[in-house]
Each structure stands twice: as structure tokens, then as C-alpha cells.
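# Coordinate inspection notes
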Amino acid sequence: MKRKPPVQLDQPHAGGGDCPTAVRANSAGQYERQKALLTQSEIKLLHAQVNPHFLFNALNTLKAVIRRDSDQAAQLVQFLSTFFRKNLKRPSEIVTLADEIEHVNAYLQIEQARFQSRLQVSLSVPDALAYQHLPAFTLQPIVENAIKHGTSQLLGIGEITISATQFNHHLVLDIEDNAGLYVPSASGGLGMSLVDKRLRAHFGDDCGITVACEPDRFTRITLRLPLEENAC
């Protein structure tokens, strides 16, 4: 089967008419401020959507685990605490990749307890890249989409693979599932669009998200960010 080329998420283009330089600069400044405020509002909405839904499933999972394994239940409480503590970070905050992975791992540990043997997770993040920086709350929406719109729909075993690599002075993050159910109008939703928008706003149009999908085989979401030298 031929692989489809990666899909780059569409980006809006701002236009402008002929006007004096000062007016153009003022308009551009207002546009950037309004765009930043809109992004912050969208992220707050995303948090509001994620947390109650996830909390409901997590508490049901915890209730079931308590009955059979009190030690695992205690670990899940710790993971749940870590997840929500990380969620409280301001969306504008810049964090390390290690911090983002800790956030995602807390989420995945709870989801693995929920799906048990039906969900397998592989994390591959070299120590050399652990202190690269990126906006907080970048990976979690993508990983959640991979489960919600991907592996949770499978009758068999779902697989989530998260990897970090260095390529041509860029940090490349891949989140891949083995479902291959990506549909551009539905699978990304608000979360993926916001992550892409934030990466482009912060690092420029050379960065952002691309999507590769082979139906019923895999969906791979790739995040591209600038690579920092001597990040620590």
C-alpha cells in the first residue's frame, strides 16, 4: 500500500490594505494581541473539555482497581495528582521535554489501567533531548487524540508510540497509533489545531504539525520544533 504524503494543517493568512506605516504597525500589534487572547481562551476551553471527561474515566478506573490491588490504586492516585498538577501550568509557560513526558506518562499510566492489556505504550526519548524546551500542554492533547480517536476504537490491542529525534537542526516528536483512523475534519479537533497554532506562533511557520496516515494501519502525528544547542 502506498503511503500518503504528510498533511500539513491549514493556516489562516492575514491580509492588509494600503495604509500609513504607523497605522499598519498599530493594526498588526492589535491583531497579535487579539490572536494571543483568542489562543489563551481556546486553551482554557480545551482544559475545560479534557479535565471532566478524563476525571470521570479515571475515577471509574480507580474504583475498579481499588477492589483488586490497593498498591496499584495508590500509584494511580499519584499519577492522577501529577496529571492535574501539570495541567495547572499556564498555557504560555515554556517547559522541558522531560516535563511534558512526565505529564503524558501520568495520563498514559491511568489509561493503561483503564484499558489493561488492550493498550501498549512505547516511549523513546534520548537523554540528550530531555531538556529541549516547548510550550506546556503540547503533547497531551495529541496523545489523548491518539487514544480517543484511534486505539480505543480497536477490538484488538492498541499501540501508542512516542519518540523524540534530532533532524536537520530540529527537534522532531512523533506520536503514532496503530489504528489508522485519522479523518482531517474530526480526528484532530480543537486540540491538534491549537497545538499547531501555538507552535507556529512561537517558533515560526517552519515548525508545527504534520499528519501521515495509512488507513487501518497507523496514524503518525509529527511535531517539528527548533533544536536548542546545549539545552539544559
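Residues numbered from 1 in each chain as written. Predicted model: local features only at pLDDT ≥ 70, side-chain atom pairs only at ≥ 80, totals over all residues. Heavy atoms only, no water.

For the rest of this paragraph, the subject is the nonpolar core. Ranked by size, the top nonpolar core spans 41 residues in total, and within it L97, L139, I162, L173, I175, I209 and L223 carry the most contacts. Element by element, the count of residues in this core is highest for helix 3 (residues 97–115), at nine residues. (Core = buried A, V, L, I, M, F, W, Y, C linked by side-chain atoms within 4.5 Å. Buried < 20%, exposed > 50% of the residue type's maximum accessible area, 1.4 Å probe, protein only. Helix = DSSP H or I, 4+ residues; strand = E, 2+ residues; numbered from the N terminus.)

Before going further, it helps to examine the pairing of strand 7 (residues 208–214). When you tally the buried positions in strand 7, you get six out of seven residues, the bulk of the element. Sheet topology note: the strand 7/strand 8 (residues 218–226) ladder contains seven bridges and is antiparallel. Of the residues in strand 8, the one forming a bridge with G208 is R224. Linking strand 7 to strand 8, which pair antiparallel, is a turn of three residues; within it D216 sits at a positive phi near 65°. (Pairing = 2+ DSSP bridges.)

By the element assignment, E100 lies in helix 3. The charged side chain of E100 is buried without a salt bridge, its nearest counter-charge being R198 at 7.1 Å. The residues touching E100, leaving out its near neighbours within four places in the chain, are V95, L134, P135, A136, F137, T138, L139 and Q140. (Lys, Arg positive; Asp, Glu negative; His and termini not counted. Salt bridge = Lys/Arg side-chain N within 4 Å of Asp/Glu carboxyl O. Contact = heavy atoms within 4.5 Å.)

So, on to the packing of helix 2 (residues 70–87) against helix 3. The contact between helix 2 and helix 3 brings their axes to 9 Å, and the two run at 140°. On the basis of their axis angle, the class for helix 2 and helix 3 is oblique. Helix 3 is crossed by helix 2, and the crossing has left-handed handedness. Contact residues: Q72, L76, F79, L80, T82, F83, R85, K86 and N87 in helix 2; D99, E102, H103, N105, A106, Y107, Q109, I110 and A113 in helix 3. Grouping the amino acids of the contact of helix 2 with helix 3 by side-chain chemistry returns eight nonpolar, six polar and four charged. (Axes fitted to C-alpha atoms, helices over the stretch in contact; angles between N-to-C directions. Parallel < 35°, antiparallel > 145°, perpendicular 65-115°, else oblique. Left-handed = near helix turned anticlockwise from the far one by under 90°. Nonpolar A, V, L, I, M, F, W, Y, C, P; charged D, E, K, R; others polar.)

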